[in-house]
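Structural overview for review
Each chain, letter by letter, is given below.
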Amino acid sequence: MYAPHRPPYLRFAALLAFLVLATVGGAAIHPVVALAPVLGVGVVWVILKVPIRYPVLVVTWLVLAVDYVPERPQSGLWPSPLYPLGELMFAQLSYITKIGALRFPLVDVLIVGLLGLAIYRRVTKSTIDPEPLPMPRPLIAAVALSLIAILWMEVRGIARGGDFKNSLWQWHQAAMMPFIVAMYHYAMRGPEDWPAFAKTIILAGLTKSAVSTYFAMVVVHQLGVEVEYTTSHSDSMTFIFALLVATTRFIERPKSAHMLRGLVIIALIAIGMVFNDRRLAYVSFGGCMLAAFLINPWTPLKRFLVRLTPFFAPLVAVYIAVGWSSGSSVFSPVQTIRSLIEGQGGEGNLDYRDIENLDVIATWAQFPILGTGYGHEFLEPIPLPDIAFVFPQYRYHPHNSLLGLFAFGGMLGYTGVWMYLAVTIYLVVRAYHRTHESEYRSAALIIVGLVATYINQVFGDMGIISYICTFQISLAVAMTGKLAVHTGAWPMPRSRLLGPAATAPLPPPGAIVYPNDDAPAARQQR
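What counts, and where the lines are drawn
Residues numbered from 1 in each chain as written. Predicted model: local features only at pLDDT ≥ 70, side-chain atom pairs only at ≥ 80, totals over all residues. Heavy atoms only, no water. Salt bridge = Lys/Arg side-chain N within 4 Å of Asp/Glu carboxyl O. Buried < 20%, exposed > 50% of the residue type's maximum accessible area, 1.4 Å probe, protein only. Axes fitted to C-alpha atoms, helices over the stretch in contact; angles between N-to-C directions. Helix = DSSP H or I, 4+ residues; strand = E, 2+ residues; numbered from the N terminus. Left-handed = near helix turned anticlockwise from the far one by under 90°. Contact = heavy atoms within 4.5 Å. Nonpolar A, V, L, I, M, F, W, Y, C, P; charged D, E, K, R; others polar. Core = buried A, V, L, I, M, F, W, Y, C linked by side-chain atoms within 4.5 Å. Patch = residues over 30% accessible without salt bridge, like charges linked within 9 Å, V, L, I, M, F, W, Y side chains within 5 Å. Areas by Shrake-Rupley, 256 points an atom, 1.4 Å probe, with all protein chains shown as cover. Lys, Arg positive; Asp, Glu negative; His and termini not counted. Charge placed at Lys NZ, Arg CZ, Asp CG, Glu CD. Phe/Tyr/Trp six-rings, centres within 6.5 Å; stacked < 30°, edge-to-face > 60°. Lys NZ or Arg CZ within 6 Å of the ring centre and 35° of its normal.

Turning our eyes to something else, we now look at the pattern of salt bridges. What the rule picks out here adds up to 10 salt bridges. Between R121 and D129 there is a salt bridge whose closest N-O contact spans 2.7 Å. Across the pair, D129 and R121 agree in class, each one buried. With a shortest N-O distance of 3.7 Å, R122 and E131 are connected by a salt bridge. Among the residues examined, E131 registers a relative accessible area of 30% and is labelled partly exposed. The network of salt bridges with common partners includes E228, R278, R353 and D461.

Relative to each other, helix α12 (residues 279-295) and helix α17 (residues 438-460) sit at 145 degrees, their axes nearing to 9 Å. Crossing of α12 against α17: the hand is right-handed. On the side of α12, the interface is formed by L280, V283, S284, C288, A291, A292 and I295, while α17 contributes L445, V448, G449, T453, N456, Q457 and G460. Class assignment of the residues belonging to the contact of α12 with α17 gives a composition of 8 nonpolar, 6 polar and no charged.

Counting 105 residues, the largest nonpolar core has Y420, Y454 and F471 as the members making the most contacts within it. Ranked by residues supplied to this core, first place goes to helix α16 (residues 401-432) with 13 residues. Every residue in contact with F471, bar those within four places of it in the chain, is listed here: V59, V63, V107, I111, I180, M183 and Y184. Of all hydrophobic cores here, the second largest spans 7 residues; its members include I355, V360, F378 and L403.

A grouping of K199, R253, K255 and R261 is seen on the molecular surface, where their side chains present a positively charged patch. You can see R253 is positioned in the loop between α10 (235-252) and α11 (256-276). On the basis of relative accessible area, R253 is assigned to the partly exposed category, the value being 44%.

The final tally for this structure, using the stated rule, is 12 aromatic pairs. Their ring planes at 15 degrees and their centres at 4.1 Å tell us that F406 and Y414 sit as a pair that is stacked. Ring pairs connect the aromatic residues W364, F406, Y414, W418 and Y454, which therefore count as one cluster. Directly above the ring of F367 sits R156, whose terminal nitrogen or CZ lies 5.4 Å from the centroid. Above the ring of F293, the side-chain terminus of K302 is found at 5.1 Å from the ring centroid.

Before going further, it helps to spend a moment on the side chain of S442. The residue S442 is located in helix α17 in this model. Residue class for S442 comes out buried when judged on its relative accessible area of 1%. Residue contacts for S442: discarding those within four places in its chain leaves T248, R249 and E252.

Here it is as structure tokens:
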């Protein structure tokens with residue numbers, strides 16, 4: 001007997017009533033807690049229905065687009081409409097829920113939760129997510145070594161009497177990197193998923209650029225103040241990613257569509273980047289273009305630029321010499337170069353960063369091989385201005401995180417933590433020269449640029465404790481693994497995705513066969 005389908009109106013009404021009541025109740029605790037019921041229902045739906053790459057795309061956009069509250073976005077003067085989401089993502093849950101034990105941010109919960117969901121689906125052989133392309137074993141080992149080195153530095157530091165509470169925030173984001181790499185590994189089926197992640201990061205960059213522009217042109221103008229930056233320091237890496245996509249796509253496949261889209265992206269991103277006023281952004285982008293130029297084969301464009309260089313080099317030298325002491329806006333690029341060389345204190349003077357770097361180097365000199373371990377402050381043989389009223393833990397977090405790795409981990413810890421970057425560059429450059437797909441070649445150049453930008457951020461702006469930087473370098477590592485295997489830059493013969501090794505065909509019936517007596521010995525030698 002036929003019975004018409006009846007939608008479950010009662011269940012839908014009950015769910016809606018529950019969400020309304022829970023939202024109202026959560027708002028009484030904290031405005032951000034009001035989002036928890038809706039997020040909870042969304043998480044359940046994701047677990048049951050959605051391929052893992054879609055929630056990972058959403059989390060990627062949230063991390064890169066919302067206000068990054070640890071870095072006092074908009075110079076601490078104006079919370080954007082995305083500030084509540086930023087507080088929810090990056091503030092400790094103990095601050096939001098008033099539960100003291102929850103001393104970690106929601107972004108950690110999302111990373112571990114999505115990774116756990118991916119592993120659960122793999123164990124249960126779920127068909128929601130296809131099997132991802134495997135990662136090269138040397139890359140996996142280097143990523144795991146980074147976590148092992150960090151844990152060793154923590155154990156050494158605490159054994160030497162370090163402060164456990166402060167030590168956790170010295171390495172927290174860097175220690176999450178292997179888990180984020182694993183999350184992206186399971187989320188990406190292969191290089192074919194790269195465009196979706198690239199578009200997500202470009203969208204995040206456009207969002208931050210819009211916030212930066214509005215804050216600079218409207219809010220700052222109304223307040224009548226001068227600001228050092230308009231969004232946050234780490235957003236430079238997001239801006240550069242978008243610029244690299246726009247430029248490398250045209251470099252690898254010059255056509256009008258790529259040029260037009262690239263110019264639009266460059267124009268919109270550059271406005272926000274200029275207002276954000278981070279010198280490292282310009283240095284990093286210049287380094288990315290130089291790396292792409294060196295890696296790129298000898299195309300007609302590259303030959304033309306090389307032949308043109310001797311004619312323009314004298315003009316550039318004269319421009320720098322004339323503009324070195326000029327205050328005109330025409331020579332603003334020269335002033336940026338001068339500030340990078342001389343520092344903010346001017347020639348012959350040491351600014352805060354110079355003194356801090358010397359202090360961190362002096363700390364490293366005490367234990368050059370093993371470092372002090374985490375949980376220890378860097379020494380101050382040259383006294384620094386006391387900024388504890390703004391940043392009480394400033395001696396645990398030097399601005400130059402690269403030198404900080406040497407001070408806290410020594411040569412051994414530094415090598416262990418950053419070995420994965422060397423392996424990433426090795427594999428991605430091999431992959432670049434082994435594929436003719438312009439999309440994949442562009443991705444390889446972007447990854448090289450991301451590594452260079454990440455190193456600059458770690459060197460100059462505490463990039464090692466930034467989720468924005470950590471997410472993007474983790475995506476670069478995961479994509480490198482996919483590209484290396486897909487292009488044959490690093491073969492994976494035992495992977496089920498690549499199939500069994502080729503064998504000799506069986507002879508037809510009646511054929512005369514001459515056995516090879518050396519075959520067993522040859523197999524044993526292999």
